[in-house]
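Close look at the chain arrangement
One-letter residues, chain by chain:
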Amino acid sequence: MIMNAAVTLATAVVCLATIATASYAQTRRPTVVVKHPPIVSPGDVSESWDARQNVIDSKRYEQLLRTNPAFRQARMRKECGPITDPQLHQSCLASFNQS
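Attention here is on the structure that accompanies the text. (Residues numbered from 1 in each chain as written. Predicted model: local features only at pLDDT ≥ 70, side-chain atom pairs only at ≥ 80, totals over all residues. Heavy atoms only, no water.)

**A short note on the pattern of salt bridges**
- As enumerated under the stated definition, the model contains two salt bridges in all.
- Close ionic contact of Asp 57 with Arg 60 constitutes a salt bridge, the shortest N to O distance being 3.2 Å. Here the residue Asp 57 and the residue Arg 60 both occupy positions in helix α2 (residues 51-67), the gap between them amounting to three residues, near one helical turn.
- Overall, the relative accessible area of 33% leaves Asp 57 in the partly exposed class.
- Across the pair Glu 79 and Arg 75 runs a salt bridge, and its minimum N-O distance is 2.7 Å. Placement of both Glu 79 and Arg 75 in helix α3 (residues 69-80) is noted, with a separation of four residues, approximately one turn of the helix. (Salt bridge = Lys/Arg side-chain N within 4 Å of Asp/Glu carboxyl O. Helix = DSSP H or I, 4+ residues; strand = E, 2+ residues; numbered from the N terminus. Buried < 20%, exposed > 50% of the residue type's maximum accessible area, 1.4 Å probe, protein only.)

Written as structure tokens, this is what we have:
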């Protein structure tokens, strides 16, 4: 009886040692980073989108912000108005004062 218990205990110890060694070996594997191009779904990009036109529109927007006070105020109201947190609201308004 004692011999049977000793054999069972020895087998269990060997099994646990094997599992622990295998587990440790798995955690020591090097990390592999897989990079892939961005995934774009239909509707993410307009078919009529043009990089050149986007640059032109951005320059026009910046020019209007600099030269047209009414446009600037309207954009400030539209972009910063819905922000309820006072600190974030001030930060939004301040972003319009950067040139």
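Moving on, there is more to tell.
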